[in-house]
Amino acid sequence: MSLIQIKRQRKSDVNLKQVYDAIVVGSGAAGGMAAHVLTSKGMKVLLLEAGKKLDLDKELKSTEWPYEHRRRGEMPPDAHALIPNEYTIRQPPYAKGLPHKHVYSYVQSWGGSDYSKNIVVDERDHPYTGTNYAWVRARVLGGKTTIWGRLALRLSDLDFKAKTHDGYGEDWPISYADLAPYYDKVDLYLGISGQKENLPHLPDSIFQRPTKLNFAEVKLRQGLKKMNRVLTPYRAGVTTDGLKHNKYRNRCYGRGACNRRAGGCDIHAAFDSPTGLIYPAMDTGNLTLRTNAIAYEVTVDKNTGKATGVAFVDAETKKTYEAKAKVVVLAASTLESTRLMLLSKSALHPNGIGNSSAHVGHNFCEHIMGPGVAGLVKDLVGKPHTLDDGRPGGFYVARFRNLTDRHADFIRGYGFEGGSGTTMFPGNAMGTTGFGANYKKQVRDYAGAFISMGAFGEVLPRYENYVDIDPEMKDAWGIPVLRFHYKFGDNEKKMAKDMADTAREMFEAAGIEVVGVEREILTEGWSIHELGTARMGMDKKTAVLNQFQQSHDVKNLFVVDGSSHVSASCQNPTWTIMALAWRSCDYLADQFKKGNL
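Computed from a predicted model, the values in this text were never measured in an experiment.

A count of helical and extended segments in the protein gives 12 helices and 18 strands. The C-alpha radius of gyration of the protein comes to 23 Å, within 12% of the 25 Å expected for a compact globule of 597 residues. C-alpha extents for the protein along the principal axes are approximately 75 × 55 × 50 Å. Residues counted as buried form 63% of the 597 residues belonging to the protein. The long-range share in the protein, meaning contacts at least 24 apart out of those at least 6 apart in sequence, stands at 73%. Roughly 23500 Å² of accessible area belongs to the protein as shown, and the carbon and sulfur atoms make up 50% of that amount. Charge centroids of the protein, computed over 78 positive and 66 negative side chains, lie 4 Å from each other.

Next comes the structure, spelled out in structure tokens:
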């Protein structure tokens, strides 16, 4: 077995004869946080990551000019990124029948796809089956945090106690008061930029310097204020003032390709799990990292049913190994952790480990996307350009539906993400007609005068929306794949109609000329916010985990990623995933110390 050498780590061998205090599966937001908290408590931790370790500084190259890349940042011609229609007119596995050597998810259709092609998975090696679903995955140290969208929002008791509010689904077994101290810890340890608004349904964080709104965004904010709706600067998981306790990260200085590519920050102002959590955890001397380790089973004691470790296959050699630990923490992402639980069948866990409730894989939820609006601010036409390429985000419009009143057509709510400003590639260039000097003048005059926003809405958790294991298909390593049984319901479709209507309404109220309204719903999965397939709850008959993300069935098994979420809310989940993981790992370490696991 090879030793994975990390430049910044102390040397530590992957000793498979050692029984570690804990094995953490997955190195993204949840796994990185678990590794950070447990090692800081003195526990010896083995971190298994299915992907490889990339030098993100060399991979992302966010300051490279387009002309410095031989294809202007695009992937080689033998690579194909799936387009929206392919997700609807074809059935998964989506790479099947395509002539291209490599097939990637839709995010690779964005600009600068060559900079992220080694981060996301190749659909040929990672198939899945069932209903249409745009499943975006990253197999690399840090997972999707290496290219995430950076919007870092808190949930409130309107989300944690949603059933109490409207009667649907289940309440979470925790309240905002339980999680607020851990949101604070995440804010202070990782850094977040934003502006206080004092909204009870969108609690403020402990913010660093906010990103400034530009003229068009301020105009919209002022217009929405008259409607008692709030537009706030993008709450980004980005350190704008710096973090004195972290030597691996730098403060944001507003440059780079933030809005021109799939994502990623090679100065590490935007949070990513390796520099934010894993490298500091390695500095404790308590963390051992094994990359290229694809977990396929949680092993158990045949007499007690307790977890004994994790079996994995080496991604390069395809040899199998087994690592031992006193506690197993799953953090492989919502659907990969679920897949691993369903694959871990034994005499004592015939339906998969931790699945006596038969709820593993079920209550699948996420965010619906598609509806939005684009507008023109005429005051900006022909005016000097600003520089907005390096901003980590534009703005966020907080939820305003179903707060104290009740909409006649749907329950729950949605928010909008949006932005305006001048970027290196004017968004209006492709849609402008003409040629020559007049064409160029037209593009330049209107560049920076447009503003747009798109909605993210809550998808209700339903037992009938689920994933299971396909009985026939396997991935490139011989591991059975997931099969999707998932569709949006009437509540989401009615919500989407309202999204488009209110988007237009808000632009018009702000005096912005509407140039386009999008009403089409994007394919399930588009938000990359899959949640809720191993939910928490007080009743072990209807929930997989307790309030500390601990299995009701197997007390030394914890699942700390988005699969534990009881409902999706409409806020982006990454900050909540990390706050929950911190809280649960505090509890885990305490119980471990007491000998209760």
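The next subject is the nonpolar core. One finds Met33, Leu38, Leu190, Val329, Leu330, Trp575 and Met578 to be the most contacted residues of the largest nonpolar core, which totals 84 residues. For this core, the element with the highest residue contribution is helix α12 (residues 574-593), accounting for 10 residues. The next biggest cluster of nonpolar side chains, apart from the first, holds 65 residues, and it includes Leu60, Tyr104, Val107 and Leu380.

Across 5 bridges, the pairing between strand β15 (residues 466-474) and strand β16 (residues 480-485) is antiparallel. Residue Lys474 lies in a different strand from β16, and its bridge partner there is Pro480. Following β15, the chain reverses through 5 residues before pairing antiparallel with β16; Gly478 in that reversal takes a positive phi of roughly 80°.

This brings us to the sheet that holds strand β6 (residues 231-233). The strands that make up a sheet are held in pairs by hydrogen bonds between backbone atoms, and each pair lies either parallel or antiparallel. Pairing within the open sheet is antiparallel, and its 6 strands lie in the order β6-β12-β13-β14-β11-β17. Every other strand in the sheet has two partners, leaving β6 and β17 (513-518) as the edge strands with one partner each. Between one strand axis and the next, the sheet turns by 25° as a mean value, whatever way the strands run. Here 8 bridges tie strand β11 (residues 367-376) to strand β14 (residues 450-458), and the two strands are oriented antiparallel to one another. In the strand pairing of β14, Val373 is matched with Met453.

As a further point, take the packing of helix α1 (residues 29-40) against α12. It is the contact of α1 with α12, at a shortest axis distance of 9 Å, that shows an interaxial angle of 35°. As α1 packs across α12, the resulting crossing turns out to be right-handed. Note on element contacts: α12 touches α1 through Thr574, Ile577, Met578, Ala581, Trp582, Cys585, Asp586, Leu588 and Ala589, opposite Ala29, Ala30, Met33, Ala34, His36, Val37 and Leu38. Its residues assigned to classes, the contact of α1 with α12 shows 13 nonpolar, 2 polar and 1 charged.

This paragraph deals with the environment of Leu580. The residue Leu580 is located in helix α12 in this model. Separated by 470 residues in sequence, Leu580 and Trp110 place their C-alpha atoms 32 Å apart. Discounting residues that sit within four places of it in the chain, Leu580 has contacts with Trp172, Ile174, Leu179, Met536, Gln549, Ser564 and His565.

With that settled, consider the pattern of salt bridges. Inspection of every chain in the model, using the stated rule, returns 32 salt bridges. Two residues, Asp498 and Arg401, come together in a salt bridge whose shortest N-O distance is 2.7 Å. Residue Asp498 is found in helix α11 (residues 490-509), and its partner Arg401 is found in the loop between β12 (395-397) and β13 (414-420); the two are separated by 97 residues along the sequence. Like Asp498, the residue Arg401 is buried in the burial classification. Asp501 is the partner of Lys497 in a salt bridge, and the nearest nitrogen-oxygen pair spans 2.9 Å. Placement of the pair is Lys497 and Asp501 together in helix α11, with a separation of 4 residues, close to one helical turn. Given a relative accessible area of 28%, Asp501 falls into the partly exposed group. One connected set of salt bridges, linked through shared partners, spans Arg139, Glu336, Arg339 and Asp475.

By the criterion of burial, β13 is predominantly enclosed, with 6 of the 7 residues buried. When β13 meets β14, the two strands line up antiparallel, connected through 7 bridges. Opposite Phe416, over in β14, you have Ala455 as the bridge partner.

Right, let's talk about unusual backbone geometry for a bit. Here the amide bond leading from Pro92 into Pro93 is cis, since omega sits at 10°, within 30 degrees of zero. Structurally, Pro93 can be placed in the loop between α3 (84-89) and β4 (102-104). The backbone of Asn228 shows a phi angle near 60°, a positive value even though the residue is not glycine. Tracing the chain through its elements places Asn228 in the loop between α7 (215-225) and β6. In this structure, Asn292 takes a positive phi of about 55° despite not being glycine. Within the secondary structure, Asn292 sits in the loop between β7 (287-290) and β8 (293-300).

This paragraph deals with the environment of Arg261. The topology assignment puts Arg261 in the loop between β6 and α8 (273-282). Spatially, the C-alpha atoms of Arg261 and Val14 are 35 Å apart, while their sequence positions differ by 247 residues. Apart from the residues lying within four places of it in its own chain, the contact partners of Arg261 are Leu60, Lys61, Ser62, Glu64, Trp110, Gly111, Gly112 and Tyr115.

Now for the packing of aromatic side chains. Overall, the coordinates contain 29 aromatic pairs when judged by the stated rule. When the ring of Tyr87 is compared with that of Trp526, the centres are 5.6 Å apart and the planes differ by 80°; the resulting orientation is edge-to-face. Of the two residues, Tyr87 is situated in helix α3 and Trp526 in the loop between β17 and β18 (557-559); the sequence distance between them amounts to 439 residues. Looking at Trp526, the relative accessible area reads 11%, which means it is buried. Consider the rings of Tyr133 and Phe484, whose centres lie 4.6 Å apart with planes at 20°: the pair is stacked. Of this pair, Tyr133 sits in the loop between β5 (129-130) and α4 (157-160) while Phe484 sits in strand β16, placing them 351 residues apart in sequence. Each member of the aromatic cluster is reached from another via a ring pair, and the members are Tyr87, Tyr94, Tyr106, Trp110, Tyr128, Tyr133, Trp135, Phe364, Phe484, Tyr486, Phe488 and Trp526. Cation over ring: Arg137 sits above Trp135, and NZ or CZ is 4.1 Å from the ring centre. Across the ring face of Phe400, the terminal group of Arg229 is positioned such that the distance to the ring centre comes to 3.9 Å.

Each value, and the rule that gives it
- Every residue gets a number counted from 1 within its own chain, in the order that chain's sequence is written.
- pLDDT decides what is reported in this predicted model: residues at 70 or higher carry local features, side-chain atom pairs at 80 or more are listed and counted, and totals for whole chains, interfaces and linings draw on all residues regardless.
- Only hydrogens and water are set aside; all other atoms, that is, all heavy atoms of the structure, feed into the side-chain values.
- Secondary structure elements follow DSSP: runs of H or I of four or more residues count as helices, runs of E of two or more count as strands, with numbering from the N terminus.
- Throughout, the radius of gyration refers to the C-alpha atoms, and the reference size of a globule is 2.2 Å times the residue count to the power 0.38.
- Buried residues are those whose accessible area, probed at 1.4 Å on protein chains only, stays under 20% of the maximum for their type, while exposed residues exceed 50% and partly exposed ones sit between those limits.
- Only heavy atoms enter the contact rule, under which two residues are in contact if any of them lie within 4.5 Å.
- Here, Shrake-Rupley sampling with a 1.4 Å probe gives the accessible areas, and only protein chains in the shown set may cover a residue.
- Counting rule applied: Lys, Arg positive; Asp, Glu negative; His and chain ends not counted.
- Charged groups are reduced to one reference atom each: NZ for lysine, CZ for arginine, CG for aspartic acid, CD for glutamic acid.
- In this description, a nonpolar core means a group of buried Ala, Val, Leu, Ile, Met, Phe, Trp, Tyr and Cys residues linked to one another through side-chain atoms lying within 4.5 Å.
- By this definition, two strands are paired if DSSP reports at least two bridges between them.
- Lines fitted to the C-alpha atoms define the axes, with helices restricted to the stretch that makes contact. Angles between their N-to-C directions range from 0 to 180 degrees.
- Two helices crossing with the near one rotated counterclockwise from the far one by less than a right angle form a left-handed crossing, whereas a clockwise rotation gives a right-handed crossing.
- Three classes are used: nonpolar for Ala, Val, Leu, Ile, Met, Phe, Trp, Tyr, Cys and Pro, charged for Asp, Glu, Lys and Arg, and polar for all others, with Gly counted as polar.
- Definition used for salt bridges: Asp or Glu carboxyl oxygen within 4 Å of a side-chain nitrogen of Lys or Arg.
- Working definition: a ring pair exists when centres of Phe, Tyr or Trp rings (six-membered ring for Trp) sit within 6.5 Å. Plane angles under 30 degrees give stacked, over 60 give edge-to-face, the rest tilted.
- Consider the ring centre and the ring normal. A charge sits over the ring if Lys NZ or Arg CZ is within 6 Å of that centre and within 35 degrees of that normal.

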